[in-house]
Amino acid sequence: MRMTIPKEVLERLEDGSCICYDGAKVACMSDDVPKRDNAPVQFEIDRENRNVVVRHVIYDEEESPLYVEYFIDKEFLDTVSSLRRVEIQFVSKEGEVRKTMVIHLSDEEIQLVKREMRVGN
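Residues numbered from 1 in each chain as written. Predicted model: local features only at pLDDT ≥ 70, side-chain atom pairs only at ≥ 80, totals over all residues. Heavy atoms only, no water.

Q: Describe the overall build of the chain, and please don't skip the residues or the numbers.
A: A count of helices and strands for the chain gives 3 helices and 7 strands. Mapped from its N terminus to its C terminus, the chain presents α and β elements in the order α-β-β-β-β-β-α-β-β-α. Taking 2.2 N^0.38 as the reference for a compact globule, 121 residues should give roughly 14 Å; the C-alpha atoms of the chain span a radius of gyration of 14 Å, in line with that estimate. Projected onto the principal axes, the alpha-carbon positions of the chain cover approximately 40 × 35 × 25 Å. When contacts within the chain are restricted to residue pairs at least 6 apart in sequence, long-range pairs at least 24 apart make up 49% of them. Carbon and sulfur atoms provide 45% of the accessible area of the chain, an area that totals close to 7300 Å². Averaging the coordinates of the 18 positive side-chain charges in the chain and doing the same for the 26 negative ones gives two points 4 Å apart. (Helix = DSSP H or I, 4+ residues; strand = E, 2+ residues; numbered from the N terminus. Rg over C-alpha atoms; globule rule 2.2 N^0.38 Å. Contact = heavy atoms within 4.5 Å. Areas by Shrake-Rupley, 256 points an atom, 1.4 Å probe, with all protein chains shown as cover. Lys, Arg positive; Asp, Glu negative; His and termini not counted. Charge placed at Lys NZ, Arg CZ, Asp CG, Glu CD.)

Q: Residue-level account of the sheet that holds strand E4 (residues 51-58), with values.
A: Strand order in this open sheet of 3 strands is E3-E4-E5, and the pairing throughout is antiparallel. Across the chains shown, the open sheet's two edge strands, defined by having one partner strand only, are strand E3 (41-48) and strand E5 (66-72). Shown here is a sheet whose adjacent strand axes are inclined to one another by a mean of 20 degrees, direction ignored. Inspection of the sheet shows E4 paired to E5 by 7 bridges, in the antiparallel sense. From the neighbouring strand, His 56 faces E5, where its bridge partner is Val 68. On the sheet, helix H3 (residues 107-118) packs against E3, E4 and E5 and is oriented at approximately 5 degrees with respect to E3. (Pairing = 2+ DSSP bridges. Axes fitted to C-alpha atoms, helices over the stretch in contact; angles between N-to-C directions.)

Right under this line is the structure:
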């Protein structure tokens, strides 16, 4: 059986975008999926107005890394803080999961997210 994401998540997802849902899962609608499972990943965090954006730069190809970017909320932070990982699902327009990549977060990265979430909240 093929894995799909929930319909309500798919309805909010646009081509080329990513959203977090169900705790520490992130759905990304993209034709581009990581070419290697064990590719190095760089963690970045930013603020856009009052929103916090997490970015994972996946170096699956040296000259053309894959960028995964999504807004987070307190529920996401709480779940990720305990699990210490994010599950990124690359999905088709039909909602079929093409590839799943688990990214483990360090204590330092978790602290960085917590610090950013406190600003303006």
